[in-house]
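# Fold and geometry: a report
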Amino acid sequence: MSFAPRAGPTVVRFAGTAGSNARTIVYVIDASGSMISHIQIVLEELKRSLDGLNPKQSFNVIFFQKN
């Protein structure tokens, strides 16, 4: 039995993970000091994920730092 999401119009992928039947996606991005040196990689992966979304899907992006 496989638990991997099936390919289809509502699969979302980000940094090696995937979810199926996603209609609304929220990306929560850690932009604090410990992650700031990796932010370019995170932004590239975010762009790749957003580019793969279906027009039926909606999304929000939340960046946070410290407080």
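Refer to the structure above for everything that follows.
This section reports on the structure supplied with the text. (Residues numbered from 1 in each chain as written. Predicted model: local features only at pLDDT ≥ 70, side-chain atom pairs only at ≥ 80, totals over all residues. Heavy atoms only, no water.)

## Examining helix H2 (residues 39–51)
Applied cut-off: The secondary structure listing takes helices from DSSP runs of H or I that are at least 4 residues long and strands from runs of E that are at least 2 residues long, numbered from the N terminus. Expected span of a helix, by definition, is 1.5 Å for each gap between consecutive residues, and there is one gap fewer than residues. Accessibility here uses a 1.4 Å probe with only protein chains present; expressed as a share of the type maximum, an area under 20% marks a residue as buried, one over 50% as exposed, and anything in between as partly exposed. When we speak of the arc, we mean the arc of directions from the helix axis to the C-beta atoms. Contacts are assigned to residue pairs that have any heavy atoms within 4.5 Å of one another.
Taking 1.5 Å of rise per residue, the 13 residues of H2 would be expected to cover 18 Å, and the 18 Å separating its terminal C-alpha atoms lies within 8% of that figure. Among the residues making up H2, those that are buried are Ile-39, Val-42, Glu-45, Leu-46 and Ser-49. The buried residues of H2 occupy an angular sector of 125 degrees when projected down its axis, which confines them to one face. Facing away from the buried surface of H2 by more than 90 degrees, the exposed residues are Ile-41, Lys-47, Arg-48 and Asp-51. Residues of H2 that are buried sit in contact with strand S1 (12–14), strand S3 (24–30), helix H1 (33–36) and strand S4 (58–64).

## Examining the nonpolar core
What counts is decided by this rule: Throughout, nonpolar core names a set of buried Ala, Val, Leu, Ile, Met, Phe, Trp, Tyr and Cys residues whose side chains join them through atoms within 4.5 Å.
Val-12, Ala-22, Ile-25, Tyr-27, Ile-29, Ala-31, Ile-39, Val-42, Leu-46 and Leu-53 form the largest nonpolar core, which has ten residues in total. Residue assignment for this core shows that the elements contributing at least two residues are S3 and H2.

## Regarding the pairing of S3
Applicable threshold: In this analysis, strands are considered paired if DSSP registers two or more bridges between them.
Residues Ile-25, Tyr-27 and Ile-29 point to one face of S3 and are all buried, whereas Thr-24, Val-26, Val-28 and Asp-30, pointing to the other face, are not buried. Judged from the seven bridges that link them, S3 and S4 form a sheet pairing that is parallel. What sits directly across from Tyr-27, in S4, is Val-61.

## Remarks on the pattern of salt bridges
Worth spelling out the cut-off: Salt bridges, as used here, are contacts in which a Lys or Arg side-chain nitrogen is within 4 Å of a carboxyl oxygen on Asp or Glu.
One pass over the structure, following the stated rule, counts two salt bridges. Across the salt bridge formed by Glu-45 and Arg-48, the nearest N and O atoms sit 3.0 Å from each other. Taken as a pair, Glu-45 and Arg-48 lie in helix H2 at a separation of three residues, close to a single helical turn. What makes Glu-45 buried here is its relative accessible area of 17%. Across the pair Lys-47 and Asp-51 runs a salt bridge whose closest N-O atoms are separated by 2.8 Å. In this pair, Lys-47 and Asp-51 are both assigned in helix H2, four residues apart and thus about one turn of the helix distant. Of the two residues examined, Lys-47 and Asp-51, each falls in the exposed class.

So, to be careful, I would describe these as geometric facts and stop short of saying anything about function.
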